[in-house]
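# Observations on the three-dimensional arrangement
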Amino acid sequence: MPELLLEVNGLKKYYPITGGIFGRKLGEVKAVDNISFYVKKGETLGIVGESGCGKSTTGRLLMRLIEASDGRILFEDKEITNMSKSELRKVRRDIQMVFQDPYASLNPRNTVEQILEEPLIVHGMGTKEERKKRVKEMLEVVGLSSYHSKRYPHQFSGGQRQRIGIARALMTKPKLIIADEPVSALDVSIQAQVLNLMSDIQKEFGLTYIFIAHDLGVVRHISDRVGVMYLGRLIELADSEELYENPKHPYTQALLNAVPVPDPDLKKQTSLIEGELPSPANPPSGCAFHTRCKECMEICKTQRPVEQNLNGHYVACHLYS
Ligand SMILES: Nc1ncnc2c1ncn2[C@@H]1O[C@H](COP(=O)(O)OP(=O)(O)OP(=O)(O)O)[C@@H](O)[C@H]1O
Ligand SMILES: [Mg+2]
C-alpha cells in the first residue's frame, strides 16, 4: 500500500433546515452523507458530480473550515476532526485551497504582493525579506513576473487571476491542494493552460491534489483516480482510465454520455441526464439515483447499496452486489 496522505471515513455534513417564528428544526440537508475515501501521496484525486452534490462541502470539511456532523478525517495519520487550534493551524499550512472564482477570492483592495504575503503573515512564516523573495519566486512559478506584484487583481485577466490564486496556495509550501472547480470560470482556451500549469507545479513540488469539477472531461487528464458523487454520496471511485473505459454505475455512465463531444463529424449532441435532480433535503429512499436510473430494480427503491470493492474499483450499486 503506498503512503496515504489523507483518509476519510464515514464523513457526514447535515445542515439543519429551520423555520417558523421559533426557528424550529424542520429537517436537514444531507450535503455530505457518509462518504469514505483515501488520497495517496503525490496523486490527484478528481471529484465530480452535478451542482449541489456536496463537492465543495467535502472540500471545506477536509480543511475543517466547517465542522463535520460525523466521521473521521486523517491527515498524515493525524485526526483533523478533533485537533486543537494550534495543531489545526499547522495542518492549514499543509492544506491549501484554490477556488473557482479567483476574483471573489482575492481581496480587490490589496496588491498581488499583499495577497501572496498574507498566508505567510497569518502563519508567522519568514522575515519580511524572505516573504518578498518567496512572493517573487511563486509569481515566476505560475508564469507571472515580479513587476506584477504591485498591481491589483482587477488589472489581470481571468486566467492570470487564477495563476495568482495558485501562487497564493503555494506560498506556505503545502502538501495537499484542494482545487474547487479552479478552471470552471475560465474560457475554454485558458482552461488547458491553467490545467497544464497545475500539472507542472505538482511534479515540481511533489504535491497531492484533490481536484473538484462538475465535468468529467476536465478532471480526466489531471486525475490518477476519480470519485463520482451524487446527492452527498460517493457512488463510484476508480483509476481514471478504468472509470472512463469501464464505468460501472449507471449515473457515471450517464455523466460520461453527457460530456460534449468536440468532433463535429460525430454529430453527437450533449445528452443531459434525464429526470430532475432530487433535493438533498429530501433524497429518494434506497439508492438516491433510483428515480433517474434506467436500470432501476425493486431493491434500489428501498435499500441503500453498500459500496463494493471490485479490485480497487469501488461502486455502490445493486447491479454489482
Ligand atoms: N451553509 C449551508 N447551509 C445549508 N445548506 C447548505 C450550506 N452549504 C451548502 N448547502 C447545501 O448542501 C448541498 C451541497 O452543496 P455544495 O456546495 O457542497 O455542492 P457542490 O457539489 O459544490 O455544488 P456546485 O457544483 O454548485 O458548486 C446543496 O444542496 C447546498 O444547497
Ligand atoms: Mg461547489
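Residues numbered from 1 in each chain as written. Chains lettered and ligands numbered in written order. Predicted model: local features only at pLDDT ≥ 70, side-chain atom pairs only at ≥ 80, totals over all residues. Heavy atoms only, no water.

Glancing now at the site of ligand 1. Around ligand 1, 13 residues are found, and the nearest of them are Ser51, Gly52, Lys55, Ser56 and Thr57. A distance of 3.2 Å is found between an oxygen atom of ligand 1 and a backbone nitrogen or oxygen belonging to Cys53. Of all the secondary structure elements, the ones that give two or more residues to the shell around ligand 1 are β2 (24–40) and α1 (55–62). Grouping the constituent residues of the shell around ligand 1 by class yields five nonpolar, five polar and three charged. (Near = heavy atom within 4 Å. Polar contact = N/O pair within 3.5 Å; in protein donor to acceptor, adjacent residues only side chain to side chain. Helix = DSSP H or I, 4+ residues; strand = E, 2+ residues; numbered from the N terminus. Nonpolar A, V, L, I, M, F, W, Y, C, P; charged D, E, K, R; others polar.)

Looking at the chain as a whole, the pLDDT averages 92, with 95% of positions reaching at least 70. Confidence drops under a pLDDT of 50 for residues 266–271, and excluding neighbours within four residues, the segment shows seven contacts in the predicted structure. (pLDDT = per-residue confidence, 0-100. Contact = heavy atoms within 4.5 Å.)

Inspection of every chain in the model, using the stated rule, returns zero disulfides. The thiol sulfur of Cys287 is not disulfide-bonded, and the nearest other cysteine sulfur, from Cys300, lies at 6.1 Å. Relative accessible area serves as the criterion here: at 11%, Cys287 is assigned to the buried category. Looking at the unpaired Cys300, the closest cysteine sulfur is the one in Cys296, lying at 4.8 Å. Cys300 sits in the buried class, given a relative accessible area of 10%. (Disulfide = S-S within 2.5 Å. Buried < 20%, exposed > 50% of the residue type's maximum accessible area, 1.4 Å probe, protein only.)

A few words now on the packing of aromatic side chains. Enumeration over the complete set of coordinates arrives at three aromatic pairs. Ring geometry for Tyr230 and Phe289: centres 5.1 Å apart, planes at 85 degrees, overall edge-to-face. Placement of the pair is Tyr230 in strand β9 (residues 225–230) and Phe289 in the loop between α10 (250–257) and α11 (298–302), with a sequence separation of 59 residues. Following the ring pairs from residue to residue traces out a cluster consisting of Tyr230, Tyr251 and Phe289. (Phe/Tyr/Trp six-rings, centres within 6.5 Å; stacked < 30°, edge-to-face > 60°.)

This part covers the nonpolar core. In this structure, Ile166 and Phe211 are the most contacted members of the largest nonpolar core, which totals 54 residues. Ignoring anything within four residues of it in the chain, the contact list for Phe211 reads Thr44, Leu45, Gly46, Ile47, Ala179, Pro182, Leu195, Met198, Val218, Val219 and Ile222. (Core = buried A, V, L, I, M, F, W, Y, C linked by side-chain atoms within 4.5 Å.)

A few words now on helix α5 (residues 128–141). Along an α-helix, residues three or four positions apart point the same way, because every turn accommodates 3.6 residues. Here α5 spans 20 Å end to end across 14 residues, near enough to the 20 Å set by a 1.5 Å rise per residue. Along α5, the residues that are buried comprise Arg131, Arg134, Val135, Met138 and Leu139. The buried residues of α5 all sit within an arc of 135 degrees when viewed along its axis, so they share a single face. α5 presents Glu129 and Lys133 as exposed residues on the side facing more than 90 degrees away from its buried surface. Tucked into the core, α5 has its buried residues touching α4 (112–122), α6 (158–170) and α7 (188–205). Where α5 ends, the next residue or the one after it, Gly143, has phi of about 85 degrees, a positive value. (Expected span 1.5 Å × (residues − 1). Arc of directions from axis to C-beta.)

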